[in-house]
Structures are given as structure tokens and as C-alpha cells.
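Summary of structural features
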Protein chains: 2
Amino acid sequence: MSSPQAKRVKTNDDAPYELIYWPGIPGRGELIRVLFEEAGVPYNDTAKTAGDQAVPMVLGFMAAGNKGDAANPPVFAPPVLKHGSLTINQAPNILLYLAPKLGLAGAAEEDGDGDGDALFHLNEIVLTILDGFVNEVHETHHPVATSMVYEDQKPEAKKRAKAFIDERLPKYLGYVQRVLDAKTSGEGPWLYGDELTYADLVLFQREKCVDGTQYAFPKSMGELKKSGKYDGVFKLYDAVKERPNIKKYLESDRRTPYSSGIWRHYPELEE
Amino acid sequence: MSSPQAKRVKTNDDAPYELIYWPGIPGRGELIRVLFEEAGVPYNDTAKTAGDQAVPMVLGFMAAGNKGDAANPPVFAPPVLKHGSLTINQAPNILLYLAPKLGLAGAAEEDGDGDGDALFHLNEIVLTILDGFVNEVHETHHPVATSMVYEDQKPEAKKRAKAFIDERLPKYLGYVQRVLDAKTSGEGPWLYGDELTYADLVLFQREKCVDGTQYAFPKSMGELKKSGKYDGVFKLYDAVKERPNIKKYLESDRRTPYSSGIWRHYPELEE
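Here the structure is a predicted model, which is why all the values come from computation and not from measurement.

Helix and strand counts for chain A come out as eleven helices and four strands. Buried positions account for 59% of the 271 residues belonging to chain A. Considering only residue pairs separated by 6 or more positions, chain A has 68% of its internal contacts joining residues 24 or more positions apart. Total accessible area on chain A is roughly 10,000 Å²; 54% of this is exposed by carbon and sulfur atoms.

As C-alpha cells, then:
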């Protein structure tokens with residue numbers, strides 16, 4: 001058998017983008033959406049456009065019978081991105097694929113020596129933000145098993161949330177503030193270089209102050225904000241929120257409200 | 001301030017590789033080591049070469065005062081790779097950087113249309129393997145807090161390990177088997193295309209049968225192996241183990257034994 005690339009159609013760059021994700025929750029799909037929205041690039045969001053096929057589409061990708069196709073291995077879980085003949089999953093992977101195409105790799109694109117090294121800085125920042133503000137937030141309400149409902153793991157969740165709030169949240173916020181304090185952060189409120197990059201959008205969507213972690217842990221995030229130790233982080237959040245395209249998006253009905261996804265607000269977990 | 005890339009030295013490709021990681025445990029550092037070992041490319045492994053400076057070196061990178069340098073943002077945690085003027089962290093990020101340079105991106109390198117899409121398939125496979133066989137394995141003995149010792153979270157660990165063994169482990173093994181069954185897996189025992197890639201090495205190191213998850217959960221992995229449902233996965237493990245360079249490495253004193261890192265063997269977690 002020849003290598004799979006032999007069959008690749010070469011016109012991906014002009015092809016439309018399709019995002020396949022669960023309807024009804026922002027979740028990891030929202031990480032991808034904010035890139036398209038900021039870039040002003042149209043995309044087919046099947047959570048919104050596929051009607052009662054939206055859920056079956058996601059389940060089809062996750063099915064044990066899904067063996068991919070001639071050019072694509074099977075995916076594990078949504079979000080899934082289709083672009084021309086390419087199908088990929090894993091949020092940080094989709095982000096890394098899209099960012100340069102959507103003009104959101106900032107200084108990495110202008111990297112004069114063409115070695116693309118700067119993209120590895122953006123990728124490491126994004127992976128760390130996802131670890132801290134997506135994966136570990138999810139663990140606070142599901143410390144025992146993803147398959148069990150929160151109500152069946154409340155005592156464990158309480159302990160886990162305490163450790164997250166006391167130790168992990170300040171640690172990750174401190175990391176982000178250090179990235180902002182670094183020489184590589186350049187001018188402006190941005191994480192890397194002088195322009196907004198996809199890392200800023202991920203931080204905005206993930207840990208930001210009103211959405212995501214703030215939604216889940218408003219009291220703790222409020223106290224950490226008041227400490228003054230992470231001012232850069234909160235300033236960055238405000239700067240992203242004021243981007244004209246992001247502002248329009250947040251006010252639109254394309255924005256999915258938080259509910260029972262990754263970021264949940266259980267007041268008892270902060271007590 | 002100009003963009004950070006302006007200061008980048010352009011000779012990374014000829015520069016020596018340096019891996020900074022905790023001494024005494026294989027951990028996530030081992031993911032990086034197996035690439036160098038398979039490729040037969042020399043690297044400075046500070047866990048082995050830095051003597052009593054090995055731990056302080058790691059701690060220096062993690063320190064609150066670490067603000068990176070003119071060309072590199074601060075890192076969050078080890079493993080850290082230094083290559084010329086570039087410093088990066090996050091295991092999947094380091095792997096993605098190294099694989100094409102070490103000739104371990106397989107079909108992705110031969111991608112005739114030069115769009116590099118195949119690398120996004122390898123990256124998604126690696127991210128999923130890491131989620132399932134590194135991150136979730138670690139959670140089984142630290143479901144409440146990374147900062148607490150296992151002995152203080154034993155009841156929670158027992159519950160978490162049960163869910164991992166019953167649900168997550170078969171789910172991830174099933175995914176890997178599906179990737180192997182896909183057309184994109186090509187000839188031979190490999191995950192993607194017709195040649196060994198870094199994804200195979202990650203699977204070997206991570207979920208493999210003798211090391212890692214097998215070390216942590218020998219009984220459960222043994223039963224899953226006997227089921228016959230994941231034969232491709234176990235065959236792949238054997239194929240990697242027989243690679244001449246990997247064989248030499250496993251027999252050498254460069255290989256760090258498992259102890260109290262990510263993969264721990266607590267027999268009670270399987271009962």
C-alpha cells in the first residue's frame with residue numbers, strides 16, 4: 001500500500017471549514033470557534049447547522065466502527081475539523097493547523113528565518129493553558145469517572161476543587177503572568193510577540209475571567225484578581241473581549257451559553 | 001520591541017540537543033529519549049550527566065522567577081528541550097519539533113504536496129495516546145491532588161483506578177486498534193504509513209504492554225491482551241522492542257527503571 005498522502009487532494013486551502021462538535025455546550029468546540037470568529041472566516045458549525053443530525057454526526061465519529069478513510073485515520077473524540085480532504089481532531093492540534101491559515105500565528109508567521117520555531121512557543125503556551133484551565137477544571141467535577149454524574153462523586157469533587165483552587169489555579173495563573181512578563185511577549189497585552197495570536201484567544205476562552213474558569217469558580221477567581229498578582233492576565237482578557245469581531249460574536253446567538261459541559265458552576269465546590 | 005524572532009540564531013539544526021528532566025524516574029522525559037535512541041542521534045541528558053545539578057536545573061526552569069530569555073518564553077514544567085537558541089517544553093510539542101528532524105515523521109516527510117498535513121495526523125494520535133496512557137494513568141494514583149502523596153488519597157484512587165480499568169483503558173486501546181485497522185496505517189505494524197514514526201515510539205513507551213501502563217496495571221492489561229481485541233497494539237509493542245537501537249537502549253544503563261513517577265504499581269488498585 002502506498003503512503004496515505006498519495007491520495008490527498010491538494011486544494012484544502014480553498015476548501016470550506018467544517019467544525020463538528022456537540023450542540024448545546026461551548027466545550028472544546030468553543031476554542032475553535034473563537035479563531036474563526038476573530039479571523040472573520042466563515043465555517044460550517046454543525047452544532048448549529050445540522051439540526052437533529054448534530055448529535056448523530058458526533059457519535060458517528062466516536063463509533064467503534066469508525067475506521068477513518070483513505071486519507072485520514074479515525075478520530076478519538078470531538079471537536080473534529082474537516083477541511084477539504086483532511087479530517088483531524090484534538091483541540092490543540094486543530095488550533096495549530098488553523099492558526100497560520102487564519103492569520104493568528106502572529107510573530108510566528110513573520111519568523112524571518114523560516115524555521116517556524118515560534119510556532120512551537122505558541123503551541124507550548126496553548127498546551128499548558130489547556131492543561132490548566134480545561135482539563136484540570138473538568139477534573140474538579142469529575143475526579144472519579146467521566147462516565148459518572150457529578151452527583152455521584154461530590155465528596156471527591158469537593159477535595160479536588162479545593163486543591164485546584166488553592167494550588168493549581170494560582171500556579172497556572174502565575175505561569176501565564178510570567179509569559180506576559182517575558183521579553184518574548186513584546187508590545188501590547190499579548191502573550192507572544194506584538195500582535196494577538198491564537199494563544200490569546202485560547203486563554204480568553206479558557207481561563208478568562210468572566211467565561212470558563214470564572215464561570216466555574218467566580219469567588220476564587222475574584223480573589224485572585226484582587227490580589228493584583230495576575231493583572232496582565234486579566235488585562236489580556238479585557239483586550240480580547242474588545243476585539244471588534246469577538247465583541248460581535250459574544251453578542252450573537254452563535255455564542256453557546258455555559259451549562260453542563262466542562263465549566264460548571266457548583267457553588268458548594270468553592271465553600 | 002521587535003518580535004522575538006529577530007534575535008533568533010539560525011544554526012539550530014547543527015546545534016546539540018539537550019534534554020532537561022527529573023533524574024531517577026522515566027516519566028515524560030522518557031518519551032523524548034526513545035526518539036533520540038531510535039534515531040541514533042546524540043543528546044545531552046542532564047538527568048544523567050549533570051550530577052547533583054540535575055535537580056536544581058529542573059527547579060530553575062520551574063521557578064517563579066524564570067521569565068525566559070530574549071528568544072524564549074518561560075516554560076511551565078519539564079521535560080525541557082534546548083536546541084541552539086531555542087528552548088521549548090510540553091512533551092507533545094517537543095516530540096512534534098523533533099520528529100521531522102530525527103527522521104521519525106515517516107510518511108509525513110514524504111508528503112508530496114508539501115502541505116505537511118500528515119504531521120497533524122501524527123500529532124493527534126500522539127496527543128490521544130498521551131491523554132489516555134500518561135495523563136489518565138497519573139490520575140489513578142493522584143485523583144485528588146498532585147501535591148498530596150498517594151497514601152492520603154487511597155480510597156479515591158481505588159475508585160478512579162476502577163473506572164480507568166473498566167472504561168478508559170479499553171476505550172483508548174480500542175482507539176489505537178482502530179488507527180491500526182485504518183487504511184492510513186499502511187503496511188507493517190505501524191500506526192501511520194508504512195514506516196515506524198514517533199507515534200509508534202510514544203505508544204511503545206506509554207501504553208505498551210511491559211512498560212508504563214502494563215507496569216502499573218499488569219493484571220488488567222494481561223486480561224485485555226488475552227481478549228484478542230487489541231492484537232495490533234501488542235504486536236506494535238513487540239515490533240518497537242525489536243528495533244536494533246531500541247533493543248540496545250533498553251539493555252543499557254541509560255534506561256531509567258520505573259519507580260514513583262507516573263507509572264506506579266500499587267497492586268491494591270487492581271483488586
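Attention shifts here to the nonpolar core. If you look at the biggest cluster of nonpolar residues, it comprises 122 residues, and the most contacted ones within it are L98(A), L191(A), Y198(A), L98(B), L191(B) and Y198(B). Excluding its chain neighbours within four sequence positions, the residues that come into contact with L191(A) are I125(A), I129(A), V176(A), V179(A), L180(A), T184(A), S185(A), A199(A), D200(A), L203(A) and L236(A).

The next thing to look at is the UniProt feature "domain: GST N-terminal" (unreviewed entry) in chain A. Within the UniProt annotation, "domain: GST N-terminal" (unreviewed entry) is assigned to residues 16-106 of chain A. This span, residues 16-106 of chain A, is 38% helix and 16% strand, and a straight line between its end C-alpha atoms measures 23 Å.

What follows concerns unusual backbone geometry. Residue and element names in this part refer to chain A. With an omega of 0 degrees, the peptide bond between P78 and P79 qualifies as cis. Relative to the elements of secondary structure, P79 occurs in the loop between α3 (54-62) and β3 (80-83). Residues other than glycine seldom take positive phi values, yet Q90 does so here, at roughly 75 degrees. On the secondary structure map, Q90 appears in the loop between β4 (86-89) and α4 (91-101). Owing to a relative accessible area of 13%, Q90 belongs among the buried residues under this scheme.

Another point: the sheet that holds strand β2 (residues 43-45) of chain A. Residue and element names in this part refer to chain A. Strand order in the open sheet formed by four strands is β2-β1-β3-β4, with mixed pairing between adjacent strands. At either end of the open sheet lies a strand with only one pairing partner, and these are β2 and β4. Taking the axes of each pair of neighbouring strands and ignoring which way they run, one obtains an average angle of 20 degrees across the sheet. As defined by bridge partners, strand β1 (residues 17-20) adjoins β2 across three bridges and the pair is classed as parallel. Paired with Y17 across the bridge in β2 is Y43. Contacting β1, β3 and β4, α4 crosses the sheet at an angle of about 130 degrees to β4.

This part is about the pattern of salt bridges. Across all of its chains, the model carries 16 salt bridges over all chains by this definition. A salt bridge links D181(A) to K67(B), with the shortest nitrogen-to-oxygen separation between them at 3.6 Å. Taken together, the residues span two chains, with D181(A) in helix α6 (residues 154-181) and K67(B) in the loop between α3 (54-62) and β3 (80-83). The class for D181(A) is partly exposed, based on a relative accessible area of 41%. A salt bridge links R33(B) to D45(B), with the shortest nitrogen-to-oxygen separation between them at 2.5 Å. Of this pair, R33(B) sits in helix α1 (residues 29-39) while D45(B) is found in strand β2 (residues 43-45), placing the two residues twelve residues apart along the sequence. Across this residue pair, the class does not change: R33(B) and D45(B) are buried. It is possible to trace a salt-bridge network through shared partners that takes in E30(A), R33(A), D45(A), K48(A) and R255(A).

Now for the pairing of β3(B). Residues and elements named next belong to chain B. Bridge analysis of strand β1 (residues 17-20) against β3 gives four bridges, and the strand direction is antiparallel. What sits directly across from E18, in β3, is K82. Where β3 hands over to strand β4 (residues 86-89), the hairpin turn is made up of two residues, of which G84 adopts a positive phi near 60 degrees.

So, about the interface of chain A and chain B. Tallying the contact residues gives 73 residues for chain A and 72 residues for chain B. Interface of chain A and chain B: buried area, both sides summed, is about 6,200 Å²; carbon and sulfur atoms make up 56% of it. Inspection of the region where chain A meets chain B yields 18 residue pairs in polar contact (both at pLDDT 80 or more). Put simply, the parts of the chain that give the side of chain A that touches chain B at least two residues each are α3, β4, α4, α5 (117-141) and α6 of chain A.

Our next topic: the sheet that holds β3(B). Residue and element names in this part refer to chain B. Taken in spatial order, the four strands of this open sheet run β2-β1-β3-β4, and their pairing is mixed. A strand with exactly one partner marks an edge of an open sheet, and here the two such strands are β2 and β4. Geometrically, the sheet is characterised by an average inter-axis angle of 20 degrees between neighbouring strands, direction not taken into account. Relative to the sheet, helix α4 (residues 91-101) contacts β1, β3 and β4, its axis offset from that of β4 by approximately 130 degrees.

Turning one copy of the chain about an axis and sliding it along that axis gives the other copy, so a rotation and a shift relate them. You can overlay chain A on chain B at an RMSD of 0.0 Å; the transform is a turn of 180 degrees with a shift of 0.0 Å along its axis. Here the copies are linked by what is in effect a two-fold axis. Minimal C-alpha separation from the rotation axis in chain A is found for P143(A), amounting to 2.9 Å. By residue overlap, the copies meet face to face through one surface: 99% of the interface positions of chain A are interface positions in chain B.

Quick notes on the rules
- Residues numbered from 1 in each chain as written.
- Chains lettered and ligands numbered in written order.
- Predicted model: local features only at pLDDT ≥ 70, side-chain atom pairs only at ≥ 80, totals over all residues.
- Heavy atoms only, no water.
- Helix = DSSP H or I, 4+ residues; strand = E, 2+ residues; numbered from the N terminus.
- Buried < 20%, exposed > 50% of the residue type's maximum accessible area, 1.4 Å probe, protein only.
- Contact = heavy atoms within 4.5 Å.
- Areas by Shrake-Rupley, 256 points an atom, 1.4 Å probe, with all protein chains shown as cover.
- Core = buried A, V, L, I, M, F, W, Y, C linked by side-chain atoms within 4.5 Å.
- UniProt positions renumbered as here; feature names shortened; annotations may be inferred.
- Pairing = 2+ DSSP bridges.
- Axes fitted to C-alpha atoms, helices over the stretch in contact; angles between N-to-C directions.
- Salt bridge = Lys/Arg side-chain N within 4 Å of Asp/Glu carboxyl O.
- Buried area = accessible area lost by both parts, 1.4 Å probe.
- Polar contact = N/O pair within 3.5 Å; in protein donor to acceptor, adjacent residues only side chain to side chain.
- Least-squares fit on C-alpha atoms with pLDDT ≥ 70 in both.

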